[in-house]
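# Examining the three-dimensional arrangement
One letter stands for each residue in the lines below.
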Amino acid sequence: MVIDTVRCVGCMDCVVACKTENNVPEGFNRDWIAYDVQGEFPTLQMEIRSERCNHCDAPPCVYCCPTGASHVHDVGGVVLVDYDKCIGCKACVASCPYGARFINPEGYAEKCTFCIHRVEEGLDPACVSVCPTHCMHFGDLDDPNSEVSTLLASRRHHTLMPEAGTKPRIFYLT
Amino acid sequence: MQELTITRHNEMIDPLLHIWGWEIPVYLFLGGLVAGIMIISGYFVLQHRYRHTVFTTFYLPYIALALLSGGMFALFLDLEHKIYFWRLYTTFEWTSPMSWGSWILLIIYPALWVNTLIRIPEPFKGKIPLFDRLSALLHQHPVLIRNIGVLNMVLGVALGMYTGVLLSSFGARPLWNSAMLWALFLVSGLSAAAAFVHLITTDVYEREMLAKADNAFLTLELFVFGGFITGLLTSTKVHIDAVRLLLDGPYAPVFWVFVIGLGILVPLAIQLFAVNHKIRHTAIAPILVLLGGLTLRFVIVYAGQYSTWA
């Protein structure tokens, strides 16, 4: 996934769409908005980001899961949780430097799934499909001709906390 | 200047991670204590103490079984999806220290059970004939008894190490990112076990020996603490910030007073006087060591959750 921080206005449509599409319990969020202000007055710079699970290439949540409930899906390397295998030990929550996971009131770990049920039908994730500024782009990073690959090849970008060594796969255009 | 504001507020995660309460520190403490007891018990078996002593070899495996069950019950209480706990034993995930630990714990039960068969205490003799026959069989083959001692020591080391490795494998929590954590928890477990046996034994030889051993473990623990703190202080900024939670941050009073002071230095001083026959052995020093070990787990688990890369 590629997110254009220049276009994002922090309207939270993506947050609402996710909660609606995935029936996220009240009081919890699978995605959220971050307002990152840097610099010294008067030369301040603000980046607005729509954040969620980074579906890392080196996912610590998958590595630490004792039951195999957290796993990498066959389609696109999406990191998912098998709710019937999750024992609610919270190791994955502790292992995620992004705080992307939470414990559902029913007792299992929950997080962004990239709306895999929609993606497998050829649709975009709910957050991407509702974004009014079209700041979010979803596609195949392994395909050099895909929209996301083209954007990454042509624009400056960064990931979140690359120093944590998780190889996050959500890229923010700046 | 950097100011980060997020709209998220997920329970147990925001504003600070607090997913593990009292259950995990208690589990880690009891796990470490059992590990130490297994090592001490195994050592006594190898030293043929079971032929002489009335306490350690007889009752320690039973006590360890009870403590381990208490620890596992605390772990069970911590699970949020309790009815699925059996899923731990339908797979082995080699990248997950928690999976290793759950299987190690499962192996420890039979290891402790066979340890109890070396000498069945008088009140239990004749209750279960099969156990009496197995015990007699062991004494016909002393090599089996030696192997039980070695097995208990090896599994004790594995369990003691595991309690530290479990935390240090979480890269997202800088305070736990230390290769010294397994050594710290293993030595602390040994120290707590030595203090525990010192506290309850009636045998003078065992008490003297374990008080001396505990002094060695407490001294070693100070060196391991030195390595743990130095390693983090000479690492990246997030690691320095993390260890300063203990050194001069919000956890410093508990860390310096209850873990280092009352948990290590004071009992070390008392026991040094006691083993040199300047003062009598009392329950004060071992109780302080046990409380210090428990507090150590609480401080490390809580401060570790407080530490973050952000």
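Check the entry above for the structure.
What counts, and at which threshold
Residues numbered from 1 in each chain as written. Chains lettered and ligands numbered in written order. Predicted model: local features only at pLDDT ≥ 70, side-chain atom pairs only at ≥ 80, totals over all residues. Helix = DSSP H or I, 4+ residues; strand = E, 2+ residues; numbered from the N terminus. Rg over C-alpha atoms; globule rule 2.2 N^0.38 Å. Buried ≥ 20, exposed ≤ 12 C-beta atoms within 10 Å, placed from the backbone. Contact = placed C-beta atoms within 7 Å. Nonpolar A, V, L, I, M, F, W, Y, C, P; charged D, E, K, R; others polar. Pairing = 2+ DSSP bridges. Axes fitted to C-alpha atoms, helices over the stretch in contact; angles between N-to-C directions. Parallel < 35°, antiparallel > 145°, perpendicular 65-115°, else oblique. Left-handed = near helix turned anticlockwise from the far one by under 90°.

This brings us to the overall build of chain A. The number of helices and strands found in chain A is six helices and ten strands. Against the compact-globule benchmark of 16 Å for 174 residues, chain A has a radius of gyration of 16 Å, which places it among compact chains. In terms of overall dimensions, chain A has C-alpha extents of about 50 × 40 × 30 Å along its principal axes. Expressed as a percentage of its 174 residues, the buried residues of chain A come to 43%. Counting only contacts in chain A whose residues sit at least 6 apart along the sequence, the fraction spanning at least 24 positions is 51%.

Summing up its helical and strand segments, chain B has ten helices and one strand in all. Scanning chain B from its N terminus toward the C terminus, one meets helices and strands in the order β-α-α-α-α-α-α-α-α-α-α. Here the C-alpha radius of gyration of chain B, 21 Å, is about what a compact globule of 310 residues would show, namely 19 Å. If you line up chain B on its principal axes, its C-alpha atoms span 75 × 55 × 25 Å. Sorting the 310 residues of chain B into buried and exposed places 49% on the buried side.

Moving on: the interface of chain B and chain A. With 35 residues of chain B in contact, the opposing surface of chain A contributes 41 residues. The set of elements that each furnish at least two residues to the side of chain B that touches chain A consists of β1 (2-6) and α3 (97-116) of chain B. By residue class, the composition of the side of chain B that touches chain A is 16 nonpolar, twelve polar and seven charged. In this structure, strand β2 (residues 32-40) of chain A lies alongside β1(B), joined through five bridges in antiparallel fashion. Paired with Gln38(A) across the bridge in β1(B) is Gln2(B).

Now for the packing of helix α1 (residues 23-46) of chain B against helix α10 (residues 284-306) of chain B. Residues and elements named next belong to chain B. Between α1 and α10, the least distance of the axes is 8 Å, while the angle of their chain directions is 135°. With respect to α10, the element α1 is oriented oblique. Crossing geometry of α1 relative to α10 is assigned as right-handed. Across the interface between the two elements, Ile24, Pro25, Leu28, Phe29 and Gly32 from α1 touch Gly293, Leu294, Arg297, Phe298 and Val301 from α10. Here the residues of the contact of α1 with α10 are counted per class, giving seven nonpolar, two polar and one charged.

A separate point is the sheet that holds β1(B). The strand order across the open sheet built from three strands is β3(A)-β2(A)-β1(B), with neighbouring strands paired in antiparallel fashion. In the strand order of this sheet, the two ends are held by β3 (43-51) of chain A together with β1 of chain B, each with one partner. The mean angle between the axes of side-by-side strands here comes to 15°, regardless of whether they run parallel or antiparallel. As judged from the nine bridges shared by β2(A) and β3(A), these two strands associate in the antiparallel manner.

This part is about the sheet that holds strand β10 (residues 171-173) of chain A. Residues and elements named next belong to chain A. Read across the open sheet, the four strands follow the order β8-β1-β10-β9; overall the sheet is mixed. What marks the edges here is a single partner per strand, and that holds for β8 (136-137) and β9 (157-158). Across two bridges, strand β1 (residues 2-4) lies against β8 in antiparallel orientation. Following the sheet pairing, Val2 is matched in β8 by His137.

This part is about unusual backbone geometry. Residue Phe41(A) is joined to Pro42(A) through a cis peptide bond whose omega torsion reads 10°. Within the secondary structure, Pro42(A) sits in the loop between β2 and β3. The amide bond that connects Asp14(B) to the next residue, Pro15(B), takes the cis arrangement and shows omega of 0°. As for its placement among the helices and strands, Pro15(B) is situated in the loop between β1 and α1.

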